[in-house]
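Secondary and tertiary structure notes
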Amino acid sequence: GPVFPDGRMGHDEHWWQETYAGLEKERASLRAELQNVEGEVRTLADEARALREELSEEQERRNASVSELAERSRFLEQENERLNERVAQAEGHGSRASDAALKREVVAKTKELE
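One structure accompanies this document, and this report is about it. On a predicted model such as this, the values are computed, not experimentally measured, just so you know.

Re the overall build of the protein
Each helix and strand in the protein was counted, giving two helices and zero strands. When the 114 residues of the protein are sorted by exposure, 4% land in the buried category. Accessible surface, the protein: about 10,100 Å² in total, of which carbon and sulfur atoms supply 54%.

If you want it as structure tokens, here you go:
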């Protein structure tokens, strides 16, 4: 590099200005890149939050559906027990009129289950 008037070796002012300008340009570029990355991170965080909320809502819907199905299953089991008791009573009495009514009820309940 050039020799300064006091005898020191070094670069001239133009070189320092170019170097500084280059560093400033690189710093601006890195800031812009950082802002883009931060924007992407915010977007991904928002998407993750939305997906967590969606998953939670879906779990709530499924839990409600399972509860409804369990309740329906208990009801049908009770109906089945009631009909089995009536069949046992009808077999014990042998009444044709109550047999026909019971048969119609069993057929109706069977269709309901399908």
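This is not the end of the story, as more comes after the structure.
Here we look at the pattern of salt bridges
It is possible for side chains of opposite charge to pair when their charged atoms get near one another. Scanning the entire structure with this criterion turns up six salt bridges. The shortest N-O distance in the salt bridge between glutamate 71 and arginine 74 comes to 2.7 Å. Pair noted here: glutamate 71 and arginine 74 are both in helix H1 (residues 13-93), with a separation of three residues, about one helical turn. On the basis of relative accessibility, which here comes to 46%, the residue glutamate 71 falls in the partly exposed class. Notably, a salt bridge pairs arginine 82 with glutamate 79, separated by 3.3 Å at the nearest N-O pair. Of this pair, arginine 82 and glutamate 79 are both found in helix H1, three residues apart, which corresponds to roughly one turn of the helix. Its relative accessible area of 14% is what places glutamate 79 among the buried residues.

Criteria and thresholds
Residues numbered from 1 in each chain as written. Predicted model: local features only at pLDDT ≥ 70, side-chain atom pairs only at ≥ 80, totals over all residues. Heavy atoms only, no water. Helix = DSSP H or I, 4+ residues; strand = E, 2+ residues; numbered from the N terminus. Buried < 20%, exposed > 50% of the residue type's maximum accessible area, 1.4 Å probe, protein only. Areas by Shrake-Rupley, 256 points an atom, 1.4 Å probe, with all protein chains shown as cover. Salt bridge = Lys/Arg side-chain N within 4 Å of Asp/Glu carboxyl O.

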